[in-house]
Every structure is written in structure tokens, then in C-alpha cells.
Amino acid sequence: LLNNSNEYTEVIQDIELNTFYTNNSLGFTKRWKQFSFSPKVGFQFEKQNLESAILTSENTIKNFQNNLDWLRTKFYFNLQTQYKKEKLRLELKTPINFYNYQLEDKPLQRNQNLNQLTFEPKLSLYYDVTNFWRIASSISLSNQFGSINQVYYNYILLNYRNIQRIDAPLPENQNISYSTFIGYRNPINALFLNLTYSNTTTNNNLLYNTQILNNGAIEFQAIEQDNKRQSHNFSTKASKYISTINTNITINTNYSLQYFQQILNSETTDISNHNWGFNGKVDIDITDWLNTELTSTFQFSNNQIQEQKNQTITQQFYKFNINIYPKENQYLSLKTEFIKNNLFSENTKNLFADLLYRYTWSKKNIDFEVQWNNIFNTENYRTVNINNFSYLESNFILRPTQVLFKVRFSL
């Protein structure tokens, strides 16, 4: 693609993005009985220029250059109304926005303009059921029109695997979102609980086409076609402080699910991504000079393409940290982490450890610090990342064990 299928030893890309941005507004608040009214009027202005070029060791590729001028103007008026009485609080935001976009790439003789008037309300409710229990909920409508990194007419290399151009109209996304929150706070017993659920439906004007080339590279384009994306997110958190043993225990869970469409190799494909995880943390103050932290995390991910469910990836993280304060001006810490991954080829296990000592010269406000990093001299780390349609297994070559001395001071 870059050199007419001929071999080359090096590819170089130069990108320069210049940005000027300003946001100016004027507003005030007026109260009347249980109501408060906060009108605000303002405007935003953003001017950007994106220049990019790709060249190989053999030649400069003229067809792989961008010189895009981007101008975005937004005028807005927002009236925020709040009603508050005893345990109930209602908030209503009613912004009216006018957007103007102007894009031009003169060498490529490409340009486009967009004018949009939008109404993007948001209604929020907060209610204290008791002194300990609280519920909150919101519903909103919002619009997004993309950024300069979502519209450019010639190719840009994202990394060694991905090359992309988005020769398409500006993205126009409309989001309809709902969220619900239930929380329990009891400072007397040091017990805190919450549960959150959110749902977002996004209406898009662009459908993205991913072409997987024979050499494994991915070419990314956008096609003007209406489509939807559904997202569900659920999370819980609980924490308890046990004063008799100076210990704080925290547990988190989360789950997310996304449904959307994408074009893979010219075929419209239904895709769903599933991610869920569990996290637990124990923080113990053994004495006033000794503290320990223990954290365990389990993450599970998979995707499903055209009714075909792919392998579930499991990642486990265990952290154990010791913090010691022998004197007010001294600090010693040992940080360890054990990671276990089930990859496609094999399961991997890694153990990392770092040791740090810091001495503070209080009168001069100077810190002397010694770090011993990667104590066990771990040479590499392998992990898997799941995106919309693929599993990417990466191997990172790590720096060997090393000792670092630092001096920090204030001028």
C-alpha cells in the first residue's frame, strides 16, 4: 500500500496539529422561593490545522498527505432550573446550541460545511429517602459532531498495524441516555454502598468499514449510513471500615455490554462486546507507622460476531504493598504485583516488585530518593486487548532491574 507492494526498510510519518480555542460566557443566578434560575449565554471558537505526510525509505508518497483547515463555532444559551424542597432536588437544563463547521483541504480540493441547531435537555432527580439512603436518576439528549481526528481525506498511520482515512461527512451522533443510582451512606457504622445502572442509545450517521488486508494491516474508512449503538453499564461498590483492627474493606463489581454494527471486509456485521470484572481491596493500618494494602482484580472479556461467540479472556491482578514511616521525614515502601493471563497460545504469570526509600530534608525542602525497580528482573510482559472485532496479543520487552537515585527540590 505504501510502496506499490515493493519492499522498503523504513516508514516515517510527520504530523503537526495547531489549535486555537476559546470559550466565553456570561451568566447569573436568580432565586425565587424553592426555585433557582441560572441562565447563561456564550460562544466557543476553535480553529485547527492538520498537516501530515508519510514517506518510506524509498520515496515520499504524495497521495498520503493532509493539509486540513478546521473551523468550529458554537453559540449557546442554557437555562438551568433547580427546584429544592426538603429531601427532593430537581434540576432541568435546557440548552439551545447553534453549531457551524467549516472544513477545507485545498491541495485535495475537498471541503464541507455543516450548520445545526440543537436542543439538548437534561432532567435530573435527587431524593434522600432517609438520612442514609439516597436515590438519583437522570435522562438526557445530546449531540456530537465529531472532531478533526474523525475527518481527514488521506491516510494516516495509527500504528504498525492500522492505517486509516475517513473520507466521509462529519459524524453526527445523537445520544439518548438514562441512569439510575441508589446509595447508602452510614458514617456512624462506616458502611457505604451504591449501585449504578446506565443505558445509552446512540444514533450515528456513519458506519465504519474495516478492511483487513492480506499482510494483516487494517484499513479503516467511513460510509454514510444510519446505524445504532446500544450500551448497558452496571456497577456496584461496597466499603466498610472496621475500627477495631483499623481496616478498610472495599469491593467493586462492573459489567458492560455493547451492541453495534460494523462493516468487515465489505460485509455488514453484528457485533457485541461483553466486559465484566470484580475488584477487592483491603487497607490495614497496623500501626501509625506501618500500612499494608492488598488488592485483587479479575477481568473477563469476550466478543460475539454474527452469532459466533469467541473465547473469553481472563486476567487476574494481585497487588500487595507495604508502606513504612520510620520517622516523619522518612518513607519506605515495597510494591509487588502478580499478574496471571490466559492468552490464546498459553497462560502467563508475571511477578513484579519495586522498592523505594525517601528521605526529606525538611529545612531545605529537598527529597532524596532511591528506587530499585523490577527487582525480579522480569524480561517481558504479555497481554491481550479486545477491540470491536479482534483480539490483539502483545508482548512487551521490559527494562532489566535497575537502581535509580533522585533529588527533588523547589526553587
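Now for a look at the structure at hand. (Residues numbered from 1 in each chain as written. Predicted model: local features only at pLDDT ≥ 70, side-chain atom pairs only at ≥ 80, totals over all residues. Heavy atoms only, no water.)

## Section: the overall build of the protein chain
Each helix and strand in the protein chain was counted, giving 0 helices and 24 strands. The principal-axis extents of the C-alpha atoms in the protein chain amount to approximately 70 × 70 × 55 Å. Across the 411 residues in the protein chain, those meeting the buried criterion constitute 34%. When the accessible surface of the protein chain is totalled, it reaches about 25,000 Å², and 53% of it is carbon and sulfur. A gap of 12 Å separates the mean positions of the 38 positive and 34 negative side-chain charges of the protein chain. (Helix = DSSP H or I, 4+ residues; strand = E, 2+ residues; numbered from the N terminus. Buried < 20%, exposed > 50% of the residue type's maximum accessible area, 1.4 Å probe, protein only. Areas by Shrake-Rupley, 256 points an atom, 1.4 Å probe, with all protein chains shown as cover. Lys, Arg positive; Asp, Glu negative; His and termini not counted. Charge placed at Lys NZ, Arg CZ, Asp CG, Glu CD.)

## So, the pattern of salt bridges
According to the stated counting rule, one finds 7 salt bridges in the structure shown. E91 is the partner of R89 in a salt bridge, and the nearest nitrogen-oxygen pair spans 2.4 Å. Accessibility assignment for this pair places R89 and E91 in one class, buried. By sharing partners, the salt bridges in this structure join R358, D367, E369 and R408 into a single network. (Salt bridge = Lys/Arg side-chain N within 4 Å of Asp/Glu carboxyl O.)

## Considerations on the nonpolar core
Ranked by internal contacts, the top residues of the largest apolar core, which has 14 residues, are L50, L68, W70, Y101, L103 and L170. Those elements that provide at least two residues to this core are β4 (60-85), β5 (88-105) and β9 (152-157). Filtering out sequence-adjacent residues up to four positions away, L68 remains in contact with Q48, N49, L50, L103, E104, D105, I148, V151, Y152 and Y153. (Core = buried A, V, L, I, M, F, W, Y, C linked by side-chain atoms within 4.5 Å. Contact = heavy atoms within 4.5 Å.)

## A word on the packing of aromatic side chains
Tallying each qualifying case throughout the model produces 20 aromatic pairs. With 5.0 Å between their ring centres and 55 degrees between their planes, F35 and Y83 make a pair best called tilted. Taken together, the residues F35 in strand β3 (residues 35-56) and Y83 in strand β4 connect sequence positions 48 residues apart. What makes Y83 partly exposed here is its relative accessible area of 23%. Their ring planes at 55 degrees and their centres at 4.9 Å tell us that Y99 and F145 sit as a pair that is tilted. Here Y99, found in strand β5, pairs with F145, found in the loop between β8 (133-144) and β9; they are 46 residues apart in sequence, far enough to count as distant. Neither residue differs from the other here; Y99 and F145 are each classed as buried. One aromatic cluster is present, formed by W32, F35, F37 and Y83 through successive ring pairs. Positioned above the aromatic ring of Y76, the side-chain terminus of K74 is 5.4 Å from the ring centre. (Phe/Tyr/Trp six-rings, centres within 6.5 Å; stacked < 30°, edge-to-face > 60°. Lys NZ or Arg CZ within 6 Å of the ring centre and 35° of its normal.)

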